[in-house]
Amino acid sequence: MNRKIAQLLQPSFQLYFVCLIVFALASAFFSLPLAGAELVAVACLGLYNRENNRRRRREISKYLESVTGTVDTATKDTMTNSPLPMIIFRPESDDIIWTNDRFLQLTGEREHLFDAKLSALIPGFDTRWLMEGKSECPTEVTYSGRRFLVFGHLVRTGGRSGGFLATTYWVDVTEFCAIRDQFQATRPVAAVLLLDNYDELMKNLTENERSAMMSEIDSRLDAWVAHTGGLLRRYQRERYLFVFEEQYLTQFTEKKFDILDTVHQVKNPSGITASLSIGVGKDGESFQELLQFANLSIDMALSRGGDQAVVRNKFTFEFYGGRSKETEKRTKVKSRVMANALSSLVSDSSQVFIMGHKAPDNDSVGAAAGVCALCRKNGVPVHIIKDANPSPAQELVDRLSQLPEYQDCFLTAQESLLIADSRSLAVVVDTNRPEQVQAEELLQSCNRVAVIDHHRRAATYIEGAALNYHEPYASSASELVTELLQYIVEPNQLLRAEAEALLAGIVLDTKNFTMRTGGRTFEAAAFLRRSGADTAEVKKLYQNDLAGTITKYAIIQNAKLYRDHIAIAATDKPVNRVIAAQAADELLNIIGIDTSFVLASDGERVNISARSMGDTNVQVILEQLGGGGNAAAAGGQVSGKSLEEVTLELARAIDRYLET
C-alpha cells in the first residue's frame, strides 16, 4: 500500500534515462570518448535518482505510519469515551463483543460483558433491522427504565466464516418521549352523543315523565364522564357534546363504550329502551376539524343502524357495538324530499348512468330498472352498466333487454366512459362502497353522483355525493326506489317488467317477506302490484334447475354446527353465488340454527354468504373479513387464500364477535 502511494507521489524518469542512453550510443558513431562520458553521466544520474527515491519512500512511509497511528488512537479513544452508549455484537449468534463505559453504566456492570447474550441482556430487542440494511431501529427500545433510539450498521469480518459485526449507538430520548406522550395524552377529543330513538322514547309521555327520563339518562352520562374532567353539554334535545383528553379514549375503547349498555337500562313506560349512538373525532388539527370528524362519525353510526360508537381519525373509522337489529325509523317526509331532489337532479343532467355492485343480483337490477322509469318520466337518456360476465340476475337482465324501452340501454363500463360528459349523472344503487361498484372509473369521472342504498355503511363509502338516500332500516334498494317512484310516477306509467323487477328485488332481500320487513315494505309491494307486477312471474325468477337444487342440498348436507347454533358449510366445488345464498337461507329452516355461513371457492376467490334470524349480527362478523351487508344478510369475497384458511379466519371472527 505504501509503495503504491509513493509511486503515485513521485515522478517517473525511466523514459528519460532510456532516451539519454540511446543518445549516448548514437554519439559513439562520431566520438567514442564523448559517448563514454555521456554513459558515465547517465549512470551517475541513475544512481542519484535511485537513492533519492528510496529516501522519499522512507519519508512517505514514516508520515503514513504517523497519521495511521494517530487515527487509530483517536478512533479507539472516541469509541471508549463516546458520550453515546455503544455495543458491538454478532447478529448471527447474539454474542456481545465489546461495550463502552457508557453502556456499562446502563447495565450496572463494572467490567466488560464477556460471554453475554444481547437477547438475555435486553429481552425483546429485535436486531433484524440491521440484517435488512436499515440504519435505525424502527421502534423505541426500553431498557433499565430509559427509552432509546438505536442506530447502527453492519461490517463484514474477514476470515473463512465471513460473519458480521454490528455496531449500535444508543441515544437516550426518555425526556423527549415523556413530553411527547404527555402531549398526545392531553390532546383534545370531541364526541357527539345522540339519543337515536328520542322520538320513540318520548312519544305520548307527559312533561314530568319526559323530564324524569332525560334526568335518568343525564345522570348515567355524567357518571360515565366524571373521571375524565371533560366537558359534557346538551346542545339539542337529543344531542350532547363531549370534549375530553385523548388519554381517556383508550379506557372507553377497552370497555367497548359500555355506556351503550348502561343507557339501554333506561326504559319508558311503554317498555321501549333508550338507544345511544356516539361519534368521536380525534387527531384533528383544530377544534373545528375535531367536530367535523365527530359529525362524520355520528352519521356513520346512524347509517349502520345506530346503537354503537364510531371513532374517526384522519384516515379511517373504528367501530364499537352495533349488534342490535335495525328498527324502522324512516319517515315519508324524507322519502318525498329525496324523490323531488332526485327528480330535479335527473332533469338537470344530460344523461344518467346507473350501476350497482359487482355481480349484481335481482335487488341491484330491480332498483336500476326503477331509476330507469324515473329517467324516462323526465325525458333524460339513461344507461345501465352491465357486467362482462353473466351475473346472478342475468335472467332479469335478459327480460328487460327484450323491451323496446330498453333497447341499447345496457352498456359496458368502457362504452359508458366514452360517452360520459361533464353533465352526466351516476346513480349507484344497492351499495355505498366505491370499490364494489361495477364501474369505479366511471364513478370517479362523473362530477355528480347519487347513492341509493340500504346496507350498513362501512369504513369506505362514496363521499361527496350530490344525493345520498341511505336507509339501513329498509329491506332492500328496490324498496327505497319504489318509495321514490310513488311520488314521481303513476302506477300505469311503470312498465310491468319494471314493477316485477322491483318486486323481485324486495322478495330477494326479504326472503319472501319473512325477514327485515316493515309496514313500508308491504306498502311498496302493494304499489308494485297495482302497477301490474305478477307474483307468479317473480317466483319464476327464483326457480332452480335440477343440478342447482342437488348442489344446494349437497352444501346443506356438508354443513357443521359451530358454537351450537351456527351452521358453517364449505365446499371447494364451483358453486353459483345464488345457489350458495339459497343454501344459507335454507340452513335457517333447521331447528336450533339461527345463523348460517356458506363458503364456496371459485378458483380465484372464496365467496361467503351469511344469514341470521337471531341476535347475531353477521355484518359485523364479515366486516372483519372485508365483507359487508346488514345484520340479517351479509356477504364477502376473500382472494389469495385457500378455502381452509378462510374457514379458519371465519371461525376466529365468530369467536371474537361472541367473546366481546
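A quick note: this is a predicted structure, and the numbers were derived from the prediction, not measured.

What counts, and at which threshold
Residues numbered from 1 in each chain as written. Predicted model: local features only at pLDDT ≥ 70, side-chain atom pairs only at ≥ 80, totals over all residues. Heavy atoms only, no water. Disulfide = S-S within 2.5 Å. Buried < 20%, exposed > 50% of the residue type's maximum accessible area, 1.4 Å probe, protein only. Helix = DSSP H or I, 4+ residues; strand = E, 2+ residues; numbered from the N terminus. Pairing = 2+ DSSP bridges. Phe/Tyr/Trp six-rings, centres within 6.5 Å; stacked < 30°, edge-to-face > 60°. Lys NZ or Arg CZ within 6 Å of the ring centre and 35° of its normal. Contact = heavy atoms within 4.5 Å. Axes fitted to C-alpha atoms, helices over the stretch in contact; angles between N-to-C directions. Parallel < 35°, antiparallel > 145°, perpendicular 65-115°, else oblique. Left-handed = near helix turned anticlockwise from the far one by under 90°. Nonpolar A, V, L, I, M, F, W, Y, C, P; charged D, E, K, R; others polar. Salt bridge = Lys/Arg side-chain N within 4 Å of Asp/Glu carboxyl O. Expected span 1.5 Å × (residues − 1). Arc of directions from axis to C-beta. Core = buried A, V, L, I, M, F, W, Y, C linked by side-chain atoms within 4.5 Å.

Peer 1: Please clarify how the state of the cysteines should be interpreted in this entry.
Peer 2: What makes a disulfide is a covalent bond joining the sulfur atoms belonging to two cysteines. What the rule picks out here adds up to 0 disulfides. Summary of cysteine pairing: Cys409 is not part of a disulfide, and the nearest cysteine sulfur, belonging to Cys372, is at 4.1 Å. The structure places no disulfide on Cys446, whose sulfur is separated from the nearest cysteine sulfur, that of Cys375, by 13 Å. Note on Cys446: relative accessible area 6%, which makes it buried.

Peer 1: Teacher, can you tell me more about the pairing of strand β6 (residues 188–195) here?
Peer 2: Regular strands show a simple pattern: their side chains alternate between the two faces of the sheet. Of all 8 residues making up β6, 7 are buried, and the element is well covered by its neighbours. Pairing of β6 with strand β8 (residues 239–245) involves 7 bridges; the strand directions are antiparallel. Paired with Val189 across the strands is Phe244, a residue of β8. Relative to strand β9 (residues 276–281), β6 is paired through 6 bridges, and the arrangement is antiparallel. Of the residues in β9, the one forming a bridge with Ala191 is Val280.

Peer 1: For this particular structure, what's the right way to read the packing of aromatic side chains?
Peer 2: A ring pair, where both rings are aromatic, is described by two values, the distance of the centres and the angle of the planes. On inspection of all chains with the given rule, the structure shows 15 aromatic pairs. Measuring from centroid to centroid gives 4.5 Å for Phe242 and Phe244, while their planes differ by 25°, and the two rings are stacked. Here Phe242 matches Phe244 in class, with each residue buried. Ring geometry for Phe513 and Phe522: centres 5.5 Å apart, planes at 25°, overall stacked. Given a relative accessible area of 25%, Phe513 falls into the partly exposed group. Aromatic rings pair up to connect Trp224, Phe242, Phe244, Phe252, Phe257 and Tyr320 into one cluster. The ring centre of Phe293 lies 5.3 Å from the NZ or CZ of Arg312, which sits over that ring. Lying across the ring of Phe317, Arg312 places its NZ or CZ 4.8 Å from the centre.

Peer 1: Where do I start with the side chain of Arg433 in this structure?
Peer 2: Along the chain, Arg433 falls in the loop between β15 (424–429) and α17 (440–445). With residues near it in sequence (within four places) discarded, Arg433 still touches Ala458, Thr460, Tyr461, Ile462, Gly626, Gly627 and Gly628.

Peer 1: For this particular structure, what's the right way to read the sheet that holds strand β18 (residues 560–562)?
Peer 2: Backbone-to-backbone hydrogen bonds join strands into a sheet, with any given pair of strands oriented parallel or antiparallel. Reading across from one edge, β18-β19-β20-β21-β23-β22 is the order of the 6 strands in this open sheet, with mixed pairing throughout. One side of each edge strand has no neighbouring strand; the edge strands of this open sheet are β18 and β22 (628–629). Looking at chain direction, β18 and strand β19 (residues 566–571) are connected through 3 bridges and run antiparallel. Paired with Tyr562 across the two strands is Ile566, which belongs to β19. Along the sheet, helix α23 (residues 577–587) contacts β19, β20 (595–601), β21 (605–612) and β23 (633–639); its crossing angle with β21, the most-contacted strand, is approximately 30°.

Peer 1: What should I look at first to understand the packing of helix α14 (residues 362–378) against helix α18 (residues 477–486) in this one?
Peer 2: Think of two packed helices as two axes; the pair is described by the angle between the axes and how far apart they sit. It is the contact of α14 with α18, at a shortest axis distance of 8 Å, that shows an interaxial angle of 15°. Judged on the interaxial angle alone, α18 and α14 are roughly parallel. The interaxial crossing formed by α14 with α18 has left-handed handedness. Residues Asn362, Asp363, Gly366, Ala367, Gly370, Val371 and Leu374 of α14 form the contact with α18, whose own contacting residues are Ala477, Ser478, Val481 and Leu485. Of the residues contributing to the contact of α14 with α18, the split by class is 6 nonpolar, 4 polar and 1 charged.

Peer 1: What exactly am I supposed to notice about the sheet that holds strand β10 (residues 308–312) here?
Peer 2: The strand order across the open sheet built from 6 strands is β7-β8-β6-β9-β10-β11, with neighbouring strands paired in mixed fashion. Among the strands making up the open sheet, the edge pair consists of β7 (231–234) and β11 (317–321). When strand polarity is set aside, the average angle formed by the axes of neighbouring strands in this sheet is 15°. Contacts from helix α9 (residues 207–225) reach β6, β7, β8 and β9 within the one sheet, and its direction differs from that of β8 by about 10°. Against the sheet, helix α12 (residues 287–303) contacts β6, β8, β9, β10 and β11, and its axis sits at roughly 145° relative to β9.

Peer 1: Would you mind showing me how to read the pattern of salt bridges here?
Peer 2: Any two side chains of opposite charge can pair if their charged atoms end up close together. Evaluation of the coordinates by the stated rule reveals 31 salt bridges. Across the salt bridge formed by Glu207 and Arg210, the nearest N and O atoms sit 3.8 Å from each other. Taken together, the residues span about one helical turn, with Glu207 and Arg210 both in helix α9 at a distance of 3 residues. Residues Asp534 and Arg496 are paired through a salt bridge, measuring 3.3 Å at the closest nitrogen-oxygen approach. Here Asp534, found in the loop between α20 (519–530) and α21 (535–540), pairs with Arg496, found in helix α19 (residues 496–510); they are 38 residues apart in sequence, far enough to count as distant.

Peer 1: Which parts of the structure should I look at to understand α9?
Peer 2: Because the α-helix completes a turn every 3.6 residues, residues three or four places apart line up on one side. Given a rise of 1.5 Å per residue, 19 residues ought to cover 27 Å, and the 27 Å separating the end C-alpha atoms of α9 matches this to within 8%. Burial in α9 covers these residues: Met213, Met214, Ile217, Arg220, Leu221, Trp224 and Val225. For α9, the buried positions fall inside an angular range of 135° around the axis, keeping them on one side. With respect to the buried face of α9, the exposed residues turned more than 90 degrees away are Glu207, Asn208 and Ala223.

Peer 1: Would you mind showing me how to read the nonpolar core here?
Peer 2: Among soluble globular proteins, nonpolar side chains are generally buried collectively. Membership of the largest hydrophobic core comes to 58 residues, with the highest contact counts inside it found for Val352, Ile354, Tyr406, Val427, Ile452 and Leu528. With 9 residues, α14 is the single largest residue contributor to this core. Once you skip the residues sitting within four places of it in the chain, Val352 turns out to touch Val346, Cys375, Val380, Pro381, Val382, His383, Leu425 and Val427. Counting residues in hydrophobic clusters, the runner-up holds 33 residues, among them Ala191, Phe257, Leu260 and Tyr320.

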